[in-house]
Amino acid sequence: MTISNSVIDRGKLGNVPALTERADEAFLDFMCDARNIVMHAHHRPISDLGNKAIAAAGLKPVHTHENVAKIREVIFDTPEVAAYLRFKRSAQERYKQRIIESYGVREEELTRWLDDAATRGPGTLTLDPNFKYPDYATVDIHITPHGYTGHALSGFYYDYGTSIFFGGANAGDVMHASHVARVSTPRDGKVTRTLDIACSVGQMVSQTKKRFPDAEAHGIDISAPMVKYAHWRAVQQNLDLHFAQMPAEEMTFPDGHFDIVTSYLLFHEIPLPVIKKVLAEVKRVLRPGGTFTMLDFPSSRPEEPGYGGFIGLMDSSDNGEPYAHGFVHCNIEKLIEEAGFKLRYTGVKDILKHGRVCDKPV
Ligand SMILES: C[S@@+](CC[C@H](N)C(=O)[O-])C[C@H]1O[C@@H](n2cnc3c(N)ncnc32)[C@H](O)[C@@H]1O
């Protein structure tokens, strides 16, 4: 008798492939709930406590090496905050590692899934085999082993990982569906071609196609593993989407090609000089009258410290968000206008509701 050592495919949870064993999923469910209870429910009071403690010590959440070291001392004398930050980091390390270990058992099979889907439709996948990643794109962002670009299964890791990161709130891509529902359209209403930049596993692209079924839907990402997985995911759902590996600061699309461009959580993850180049490229590939919706962190303003307070600072210093601080303090609205866009809304409340809606003048 031959005993097979292949592992049973346990199907999918929504659009995400299930982990190898139920025990892995039970652990991940526990981590998800624990993060919800400890972190998400306590974000605001912990944030207030930390901001108060550093203000009482005469410090500001400014990102210099010396200042961060002083803030760390103050925070570690504030036990609730110290415990919160320790939990945050350890939970993140542990749940990410378990996902990698679990899918890792089936690495050959999952890699074959991606390769087999690469030439199948509907939709297309375009890879750049000679692409050399810039250094900024190879960091282990969010302390994710291999980052976005360093492992053939990075798309699998990201898809399962974000379902935990967002506290289970993105089952069936509902979160992305609500983001796409608030994407602004060009003032003339014409939408024939859409582009999502830094699309990761393609959730914005698939939801955009659902909202604009007659339009051609494209997604680009710098990471080959991400777009390979995004294409596999779309093939699984029989969706006609177009994915390509491409850096947003150097796109190969012609001028004026798109009516709508979207980005969700890209800009706080790239360095400032790249932010400026991406804005210029987005403007180039949009047609006159086209609209870019940028969904990302709030900027730091006196009336809305948001991610600009010490939680954001600690994420940037200790939690694998090396570029976030630069974004939060860069005055992105000014950079958007300098790139030649007209911002549809400038008030904090409107920006929180609609994102940064950037019209390319006609
Ligand atoms: C936080 S994820 C974006 C989330 C995604 N937009 C979504 O809808 O879930 C950041 C993504 O940006 C990609 N990325 C980073 N730098 C990029 C660049 N210069 N051009 C295109 N993609 C980039 C990464 O590979 C990663 O997939």
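These numbers come from a predicted model, not from an experiment.

**Student:** Mind showing me how you'd approach the overall build of the chain here?
**Tutor:** Counting its regular elements, the chain contains 14 helices and ten strands. Taking 362 residues into account, the globule formula puts the C-alpha radius of gyration at 21 Å, and the chain, at 21 Å, falls close to it. Counting every position in the chain, which comprises 362 residues, the buried fraction comes to 53%. The contacts of the chain with a sequence gap of at least 6 include a subset with a gap of at least 24, amounting to 77%. When the accessible area of the chain is evaluated, it comes to approximately 16400 Å², of which 55% is carbon and sulfur surface. Placing the 41 positive and 46 negative side-chain charges of the chain at their respective mean positions leaves the two points 5 Å apart.

**Student:** Hey, could you run me through the site of the ligand in this one?
**Tutor:** Not every one of the 21 residues close to the ligand is listed here, only the nearest: Y136, A198, S200, D221 and E249. Within the contact set of the ligand, a nitrogen atom lies 2.8 Å away from a backbone nitrogen or oxygen of Y264. Burial of the ligand by the protein amounts to 97% of the accessible area it has alone, namely 600 Å². Each residue belonging to the shell around the ligand can be placed in one class, and the counts come to 14 nonpolar, four polar and three charged.

**Student:** I would appreciate a short explanation of the pattern of salt bridges in the present structure.
**Tutor:** Pairing between side chains becomes possible if they bear opposite charge and their charged atoms approach one another. Under the definition given, this model contains 21 salt bridges. Between E25 and R10 there is a salt bridge, and its shortest N-O distance comes to 3.1 Å. One end of the pair, E25, is in helix α1 (residues 22-38); the other, R10, is in the segment before β1 (12-13), and 15 residues separate them in sequence. Given the relative accessible area of 9%, E25 is considered buried. The salt bridge partner of R72 is D318, with a shortest N-O separation of 2.7 Å. Placement of R72 in helix α3 (residues 65-76) and of D318 in helix α11 (residues 310-318) is noted, with a sequence separation of 246 residues between them. Judged by its relative accessible area of 24%, D318 is partly exposed. Through salt bridges with shared partners, one network takes in D188, K190, D259 and R287.

**Student:** Looking at this structure, how should I read the nonpolar core?
**Tutor:** Side chains that are nonpolar tend, in soluble globular proteins, to be buried together. Core analysis: the biggest nonpolar cluster contains 38 residues, and I197, F267 and F292 have the highest contact counts within it. Elements represented by at least two residues in this core include exactly β4 (193-197), β7 (258-264), α10 (272-285), β8 (286-295), α12 (324-328) and α13 (332-338). In terms of residue count, α10 provides more of this core than any other element does, six residues in total. In terms of nonpolar packing, the next biggest core, distinct from the first, is built from 23 residues, I100, Y103, L114 and W232 among them.

**Student:** Honestly, the pairing of β7 in this entry has me stumped. Any pointers?
**Tutor:** Sheet faces and side chains relate simply in a regular strand, where the side chains alternate between the two faces. Burial within β7 is extensive, with seven of its seven residues counted as buried. Alignment of β7 against β8, held across six bridges, turns out to be parallel. The partner of V261 across the bridge, within β8, is F292. Tracing the backbone out of β7, into α10 and back to the parallel element β8 gives a crossover that is right-handed.

**Student:** Would you take a moment to explain the domain arrangement of the chain for this structure?
**Tutor:** Where interface size is given, it is often the accessible area lost as the parts come together that is meant. Each assigned domain of the chain is listed here: domain 1 (12-119) and domain 2 (173-359). Using C-alpha coordinates to define each centre, domain 1 is positioned 23 Å away from domain 2. Contact with domain 1, which involves 28 residues of that partner, is made by 22 residues of domain 2. Buried surface at the junction of domain 1 and domain 2, summed over both partners, amounts to about 2200 Å²; 61% is from carbon and sulfur atoms.

**Student:** What is the right way to look at the environment of D77 in this model?
**Tutor:** Checked against the element boundaries, D77 lands in the loop between α3 and α4 (79-104). A relative accessible area of 68% places D77 in the exposed class. Separated by 24 residues in the primary sequence, D77 and A53 have C-alpha atoms spaced 9.1 Å apart.

Calculation notes
- Residues numbered from 1 in each chain as written.
- Predicted model: local features only at pLDDT ≥ 70, side-chain atom pairs only at ≥ 80, totals over all residues.
- Heavy atoms only, no water.
- Helix = DSSP H or I, 4+ residues; strand = E, 2+ residues; numbered from the N terminus.
- Rg over C-alpha atoms; globule rule 2.2 N^0.38 Å.
- Buried < 20%, exposed > 50% of the residue type's maximum accessible area, 1.4 Å probe, protein only.
- Contact = heavy atoms within 4.5 Å.
- Areas by Shrake-Rupley, 256 points an atom, 1.4 Å probe, with all protein chains shown as cover.
- Lys, Arg positive; Asp, Glu negative; His and termini not counted.
- Charge placed at Lys NZ, Arg CZ, Asp CG, Glu CD.
- Near = heavy atom within 4 Å.
- Polar contact = N/O pair within 3.5 Å; in protein donor to acceptor, adjacent residues only side chain to side chain.
- Nonpolar A, V, L, I, M, F, W, Y, C, P; charged D, E, K, R; others polar.
- Salt bridge = Lys/Arg side-chain N within 4 Å of Asp/Glu carboxyl O.
- Core = buried A, V, L, I, M, F, W, Y, C linked by side-chain atoms within 4.5 Å.
- Pairing = 2+ DSSP bridges.
- Right-handed = clockwise from strand over helix to strand, strands pointing away.
- Domains from an automatic or database assignment.
- Buried area = accessible area lost by both parts, 1.4 Å probe.

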